[in-house]
Amino acid sequence: MSGDDEDRADALFHALADRTRRDILRRVLAGEHSVSSLAQRYDMSFAAVQKHVAVLEKAGLLTKRRNGREQLASGDVAAVRSVASMLTEFEQVWRGRIARIDELIASVPAVSPDPSVPSDPNQED
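We now turn to the structure provided with this report. Residue numbers run consecutively from 1 along every chain, following the written order of its sequence. Residues qualify for local features only when their pLDDT is at least 70, as the model is predicted, and side-chain atom pairs are given and counted only at 80 or more; totals for whole chains, interfaces and linings, by contrast, use all residues. Excluded from the side-chain calculations are hydrogens and water; all other atoms, namely the structure's heavy atoms, are used.

## A closer look at the sheet that holds strand β1 (residues 33-34)
Adjacent strands of a sheet form backbone hydrogen bonds with each other and so pair up, either parallel or antiparallel. Using the following cut-off: DSSP bridges decide pairing: two strands pair if at least two such bridges lie between them. A run of H or I in DSSP becomes a helix once it reaches four residues, and a run of E becomes a strand once it reaches two; helices and strands are each numbered from the N terminus. Should any heavy atoms of two residues lie within 4.5 Å, those residues are counted as being in contact. To get an axis, a line is fitted to the C-alpha atoms, and for a helix only the part in contact is used. The angle between two axes follows their N-to-C directions and goes from 0 to 180 degrees.
Across the sheet, which stays open at both edges, the three strands sit in the order β1-β3-β2 with antiparallel pairing between neighbours. Of all strands in the sheet, those with a lone pairing partner are β1 and β2 (62-67), marking the two edges. Pairing of β1 with strand β3 (residues 70-75), which is carried by two bridges, proceeds in the antiparallel orientation. Bridge pairing in β3 links S34 to L72. Contacts from helix α2 (residues 19-30) reach β1, β2 and β3 within the one sheet, and its direction differs from that of β3 by about 90°.

In C-alpha cells, the structure reads:
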C-alpha cells in the first residue's frame, strides 16, 4: 500500500471507529437523509452530529448535497466496498498464516508412544 492508501485507510477506520458514525452511515446507506433529520435521532447537539457527518464525508463514506437550505447526506457504497476489500486482504494474510501452521504440523513426524510408559498413570496392569 502506498502512503496515500494508508492515509485513506486511516481515515476510513477512524470514521468507522465511532458507534454514532456507524449508525449514521447505516442510515444514509439505506437512503438519503437531511443532516437536520439525522440530528433529531441522537441525544446530542446538531453541531455534534454535523461533526460526525463531516468525519464520514472526509473519509469518503458519505457525500452531501444542498437542496435549498437543507444538506442531504447519502452513503457511498463504493467506499464501503473498499473497506470490505481491505478487511478481506487482512483475512487472506491471516488464512495464509493458518495454512502455514497446518503445513508445519503435518511435516512433523508422528511420535510413537513409549510402550514401557503407561498411557494412563492411574491405570493398573
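Back to the write-up after that little detour.
## Notes on the nonpolar core
Heads up, the rule is: Buried Ala, Val, Leu, Ile, Met, Phe, Trp, Tyr and Cys residues form a nonpolar core when they are joined through side-chain atoms within 4.5 Å. With a 1.4 Å probe rolled over the protein chains alone, any residue whose accessible area is under 20% of its type maximum counts as buried; one over 50% counts as exposed, and the rest are partly exposed.
Within the largest apolar cluster, 21 residues are counted, with the highest numbers of intra-cluster contacts made by I24, V28, V49, V53, L61 and L62. Every element with two or more residues in this core is listed here: α1 (3-16), α2, α3 (35-39), α4 (46-58) and α5 (77-107). For this core, the element with the highest residue contribution is α1, accounting for four residues. Among residues more than four places away in sequence, those in contact with V49 are I24, V35, L38, A39, Y42 and M44.

## Topic: the pairing of β2
Strand direction decides the pairing type here: β2 and β3, joined by six bridges, are antiparallel. The residue bridging K64 from the neighbouring strand is A73, located in β3.

## Describing the pattern of salt bridges
Side chains that differ in charge, positive against negative, can pair when their charged atoms come close. Selection criterion: The rule for a salt bridge is simple: a side-chain nitrogen of Lys or Arg has to be within 4 Å of a carboxyl oxygen of Asp or Glu.
If you walk through the whole model with that rule in mind, you get four salt bridges. Ionic pairing is found between E32 and R65, a salt bridge with its closest N-O pair at 2.9 Å. Residue E32 is located in the loop between α2 and β1, and its partner R65 is located in strand β2; the two are separated by 33 residues in the primary sequence. Accessibility expressed as a relative area gives 38% for E32, which makes it partly exposed. Judged by its relative accessible area of 42%, R65 falls in the partly exposed class. Salt-bridge contacts for E57 lead to K64; the nearest nitrogen and oxygen are separated by 3.4 Å. Among the charged side chains, a network of salt bridges with common partners joins D23, R26 and R27.

## Focus on the environment of K58
For K58, the position within the fold is in helix α4. For K58, a relative accessible area of 76% corresponds to the exposed category. Each C-alpha atom of the pair K58 and L29 lies 16 Å from the other, and the pair is 29 residues apart in sequence.

These values are about where atoms sit, not about what they do.
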